[in-house]
Amino acid sequence: MKTFLYMMCCAIVISGAYWAYKENYRTQASLRRVSDLQQQIAAERESISVLKAEWAYLNRPDRLRELVDLNYDALGLLPLMPDHFAEVELVAYPQVQIEANELVDPVSTSNSGSDARRSPDKEFP
Amino acid sequence: MRTPLRPLARVLDAREKGENPDVIEAEERAIRNVKVQMRMRRRAESRLLVLGIFFFASFMVVGARMASLAASVPTEPVSTASIPQIANQRADIIDRNGEILATNLATTALYAQPPLMVDPKAAAEGLAQIFPDLDLAKLSEDFSGKRKFLWIKKKISPEQQQLVHDLGEPGLLFGPREMRLYPNGKLAAHILGGASFGKEGVNAAEVIGIAGVERYFDETLRDPARDGEPLQLSIDMTAQSAMRDVLAGGVKLMSAKGAGAILMDIHTGEILSMASLPDFDPNNRPRVLTEGDQSDSPLFNRASQGVYELGSTFKIFQAGINLEKGLVNENTMIDTKGPLKWGKFKIRDFHDYGKQLSVTDVIVKSSNIGTARMALAAGAGAQQEMLEKLGFFDAVPLELNEARQTRPLLPKRWSDISTMTISYGHGIAATPLHLATAYATMGNGGYKVKPTIIKQKGVQPDREQVISERTSQKLVKMLRAVVTRGTASFGEVKGYEVAGKTGSADKPKPGGGYYDKKVISTFASVFPASNPKYVLVVTLDEPSIVAHGEERRTAGWTAVPVSAEIVSRLMPILGLRPNVASAGNLQYTAAGN
């Protein structure tokens with residue numbers, strides 16, 4: 001019985017020691033990983049800040065204005081002026097375009113007229 | 001093999017000889033005892049030895065640990081994940097919409113350690129080739145002399161770093177640096193100020209603000225507890241850019257020496273844009289002038305540092321005093337027969353405005369005589385009290401050191417003649433920022449505002465009321481009349497109901513007296529008149545323009561058109577819609593193609 005107790009104690013001590021040893025190395029490995037990740041985060045942050053700075057630099061109003069002036073033909077952008085504002089009431093309701101021959105042709109003034117105008121072949125195959 | 005205590009052979013032998021066989025037993029017993037003793041002794045000795053070795057080993061371990069602890073550098077035990085690194089050394093500065101005005105950029109500093117150099121001459125030549133601004137002779141001298149360490153460049157680009165690297169000189173070394181970058185260049189240069197390096201080491205350098213908000217908020221920007229939270233200004237970057245653009249156009253057109261403009265929220269005192277020309281690039285801040293007039297330097301902020309006699313723009317304050325005291329109403333007739341003689345002084349008007357004008361017309365036509373008479377009626381005390389409340393006795397408490405150090409110039413002795421001239425803005429000099437602050441009070445219902453460059457969450461609580469809301473409304477009406485039928489007719493912007501007052505003052509000569517043809521022309525305005533939201537002050541330094549065959553310098557021809565252009569460009573940017581009812585038949589123009 002005594003021997004058995006001794007053996008048990010020994011086994012517990014050895015397994016405890018093994019566990020502590022393993023945990024220790026696992027902890028160290030985790031810490032190394034954390035510090036690696038943190039370095040990576042710091043590097044990413046730095047590149048983000050560089051990109052942000054570059055974005056701000058490329059978006060500076062002076063440059064945008066020059067680009068708008070250079071590409072006036074394509075963009076047609078002008079500085080926003082007070083006369084660009086308007087009340088909704090001032091915008092005219094879009095006029096329905098009526099073609100001259102539409103009135104002459106009684107078929108196209110029917111309900112299905114708009115479709116008929118676009119594809120008469122389908123209406124009368 | 002075990003020997004018996006009484007061996008039969010010996011016992012028989014002893015019996016034959018007639019000896020006592022017990023002796024044999026005793027002998028055997030003695031031998032046995034000795035053996036047992038010997039065995040016990042050996043066991044004890046071995047135990048002692050084991051124990052001794054154990055103790056020796058333990059003490060050796062303890063000793064070795066003590067020695068290693070004593071000899072090694074102390075380090076903190078790493079038990080938890082360390083705190084994440086602080087992203088930036090210095091917080092960013094952003095505008096009211098979150099656009100970046102100032103940020104940091106990682107860069108490299110170049111330094112040399114001549115004792116490590118292999119070929120100092122080639123190194124000097126190589127550096128002079130990469131950096132044309134370096135002096136070859138001086139570099140060679142430094143590298144071959146006794147110096148052990150020297151800085152060569154504080155900031156170099158990655159390309160330059162590669163070129164230096166390619167020289168292959170072990171004595172040329174790089175240190176990491178964080179530099180301040182202002183991506184928008186000259187935009188808001190006077191507000192941002194600039195930064196430079198403080199204490200420098202090989203591995204890092206301290207970035208310190210040297211002017212503007214960078215200096216005023218230096219501690220805040222560097223505070224690690226803020227965790228990189230950016231500093232948000234009240235400036236609107238787009239508005240600031242448009243203002244600078246328009247102002248630069250105005251300066252060119254009017255061939256002015258410089259200009260300053262401030263746009264302020266009339267209720268909160270937030271400065272939405274503040275420009276001063278000429279300006280500079282804060283990335284490459286010019287040196288402070290060592291001689292001559294500091295106001296000629298591009299570093300000089302005409303809007304917050306330029307102390308000028310602001311002329312007729314002050315007349316509205318006198319009208320405010322007299323209205324507030326109940327001495328007049330807006331239609332009371334004031335004697336404007338000129339010239340007004342007071343002792344040996346004579347006060348004249350630009351034109352003769354006849355015998356009398358109503359208070360409104362005194363402002364509209366900008367009559368010096370009328371205002372001077374109103375000042376005499378109200379007295380010096382009332383004038384001083386009002387100007388003090390409006391902030392003309394102190395520096396403006398703006399978050400810029402330059403503004404805080406700029407005190408207005410007041411007369412040494414506040415005589416009657418001072419009272420009269422001050423009523424139309426002569427004999428008192430203040431900055432355009434003072435004027436904007438005072439106009440904000442005049443236009444916002446009479447509440448005192450504290451100008452600020454930091455974004456606010458709303459109107460400052462418990463504002464002091466300087467004039468009544470009724471008076472304020474009347475004053476805005478008068479200012480509106482100045483634009484609709486007075487000296488500032490070019491200031492009208494359809495839909496924005498600009499209300500303002502012009503001011504043109506001759507520039508004082510350094511030795512005393514005034515220049516004949518050099519003026520400071522100012523237009524201070526509040527708008528929209530029906531519900532004022534913004535204050536705009538535009539000041540041009542020595543403008544002149546030829547119009548209708550005549551050279552014009554007065555504010556009506558110079559500052560006012562520039563101001564109108566600023567209003568029409570900035571208000572759409574800030575999202576203030578034109579008031580269609582007041583614009584009359586506003587035409588809709590389709591934007592875009």
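Residues numbered from 1 in each chain as written. Chains lettered and ligands numbered in written order. Predicted model: local features only at pLDDT ≥ 70, side-chain atom pairs only at ≥ 80, totals over all residues.

Attention shifts here to the overall build of chain B. Scanning chain B from terminus to terminus reveals 19 helices and 18 strands. Against the globule reference of 25 Å for 593 residues, chain B gives a C-alpha radius of gyration of 44 Å, more extended than a compact globule. Each of the three principal axes of chain B carries a C-alpha extent, and together these read 180 × 65 × 60 Å. The burial tally for chain B puts 43% of its 593 residues in the buried class. When contacts within chain B are restricted to residue pairs at least 6 apart in sequence, long-range pairs at least 24 apart make up 70% of them. (Helix = DSSP H or I, 4+ residues; strand = E, 2+ residues; numbered from the N terminus. Rg over C-alpha atoms; globule rule 2.2 N^0.38 Å. Buried ≥ 20, exposed ≤ 12 C-beta atoms within 10 Å, placed from the backbone. Contact = placed C-beta atoms within 7 Å.)

Our next topic: the overall build of chain A. The number of helices and strands found in chain A is six helices and zero strands. Going from the N terminus to the C terminus, chain A shows its helices and strands as α-α-α-α-α-α.

What follows concerns the sheet that holds strand 14 (residues 499-508) of chain B. Residue and element names in this part refer to chain B. Strand order in the open sheet formed by five strands is 9-8-16-15-14, with antiparallel pairing between adjacent strands. If you trace the sheet from one side to the other, it starts and ends with strand 9 (271-277) and strand 14, each paired once. Averaged over all adjacent pairs, the angle separating strand axes in this sheet is 10 degrees, with direction ignored. In the sheet, strand 14 pairs with strand 15 (residues 514-527) via nine bridges, with the strands oriented antiparallel. (Pairing = 2+ DSSP bridges. Axes fitted to C-alpha atoms, helices over the stretch in contact; angles between N-to-C directions.)

Once that is clear, we can look at unusual backbone geometry. Residues and elements named next belong to chain B. Along the chain, leucine 277 connects to proline 278 via a cis peptide bond; the corresponding omega equals -5 degrees. Here proline 278 lies in the loop between strand 9 and helix 10 (315-324). Located in the positive-phi region is serine 255, a residue other than glycine, with phi close to 40 degrees. Within the secondary structure, serine 255 sits in the loop between helix 9 (237-253) and strand 8 (258-265). Despite not being glycine, histidine 548 has its phi angle at roughly 50 degrees, a positive value. Looking at histidine 548, the number of C-beta atoms within 10 Å reads 6, which means it is exposed.

Another point: the environment of Asp245(B). Residues and elements named next belong to chain B. Inspection of the secondary structure assignment puts aspartate 245 in helix 9. For aspartate 245, a count of 19 C-beta atoms within 10 Å translates into the label partly exposed. Along the sequence, aspartate 245 and phenylalanine 317 sit 72 residues apart, while their C-alpha atoms lie 31 Å from each other.

Turning our eyes to something else, we now look at the packing of helix 10 of chain B against helix 12 (residues 368-378) of chain B. Residues and elements named next belong to chain B. Two numbers describe how helix 10 lies on helix 12: the axes approach to 10 Å, and their chain directions differ by 40 degrees. As far as their axial angle goes, helix 12 and helix 10 are oblique. As helix 10 packs across helix 12, the resulting crossing turns out to be left-handed. Across the interface between the two elements, Lys315, Gln318, Ala319, Ile321 and Asn322 of helix 10 pack against Thr371, Met374, Ala375, Ala377 and Ala378 of helix 12. (Parallel < 35°, antiparallel > 145°, perpendicular 65-115°, else oblique. Left-handed = near helix turned anticlockwise from the far one by under 90°.)

Taken across its 10 residues, strand 14 of chain B has seven buried, putting it largely inside the fold. Connecting strand 14 of chain B to the antiparallel partner strand 15 of chain B that follows it, the hairpin turn spans five residues, and Gly512(B) within it adopts a positive phi of roughly 115 degrees.

All right, on to the domain arrangement of chain B then. Residues and elements named next belong to chain B. The domain architecture assigned to chain B consists of domain 1 (93-232) and domain 2 (239-286 + 297-580). Relative placement of domain 1 and domain 2: their C-alpha centres are 43 Å apart. Taken together, the contact between domain 1 and domain 2 spans 18 residues of the former and 17 residues of the latter. Those elements that provide at least two residues to the side of domain 1 that touches domain 2 are helix 6 (189-192) and helix 7 (212-216). Here the side of domain 1 that touches domain 2 is built from residues that sort into nine nonpolar, six polar and three charged. (Domains from an automatic or database assignment. Nonpolar A, V, L, I, M, F, W, Y, C, P; charged D, E, K, R; others polar.)

All names here are of chain B. With 12 residues, helix 16 (residues 432-443) extends 16 Å from end C-alpha to end C-alpha; this agrees with the ideal 16 Å at 1.5 Å per step. Those residues of helix 16 that fall on the buried side of the exposure criterion are Pro432, Leu433, His434, Leu435, Ala436, Thr437, Ala438, Tyr439, Ala440, Thr441, Met442 and Gly443. If you follow the buried residues of helix 16, they end up packed against strand 8, helix 10, helix 14 (401-404), helix 17 (469-485), strand 15 and strand 16 (534-541). (Expected span 1.5 Å × (residues − 1).)

All right, on to the environment of Met81(A) then. All names here are of chain A. Considering the arrangement of structural elements, one finds methionine 81 in the loop between helix 3 (72-75) and helix 4 (100-104). Take methionine 81: there are 15 C-beta atoms within 10 Å of it, and that puts it in the partly exposed class. In sequence terms methionine 81 and glutamine 40 are 41 residues apart; their C-alpha atoms lie 48 Å from each other.

Residue and element names in this part refer to chain B. Across the eight residues of strand 16, eight count as buried, placing the element largely inside the fold. Because side chains alternate across strand 16, one face comprises the buried residues Tyr534, Leu536, Val538 and Leu540, and the other comprises Val535, Val537, Thr539 and Asp541, equally buried. Bridge count between strand 8 and strand 16: eight bridges; the pairing is antiparallel. Note on strand 16: the bridge partner recorded for glycine 260 is threonine 539. Bridge count for strand 15 against strand 16 is eight bridges, and the pairing is antiparallel. Bridged to isoleucine 520 within strand 16 is aspartate 541. Joining the antiparallel neighbours strand 15 and strand 16 is a turn of six residues.

A few words on the confidence of the model for chain A. Mean pLDDT over chain A works out to 80, with 78% of the residues at or above the 70 mark. Predicted confidence is poor over residues 108-125 of chain A, with pLDDT under 50, and the contacts of this stretch with residues over four places away or in other chains come to seven contacts. (pLDDT = per-residue confidence, 0-100.)

All names here are of chain B. Counting through the fold element by element, lysine 186 comes out in the loop between strand 4 (172-181) and helix 6. Residue lysine 186 is classed as buried on the basis of its C-beta count, with 21 C-beta atoms lying within 10 Å. For the pair lysine 186 and glutamine 37, spaced 149 residues apart in sequence, the C-alpha to C-alpha distance is 104 Å. Among all residues touching lysine 186, those that are not within four sequence positions of it are Asp279, Phe280 and Asp281.

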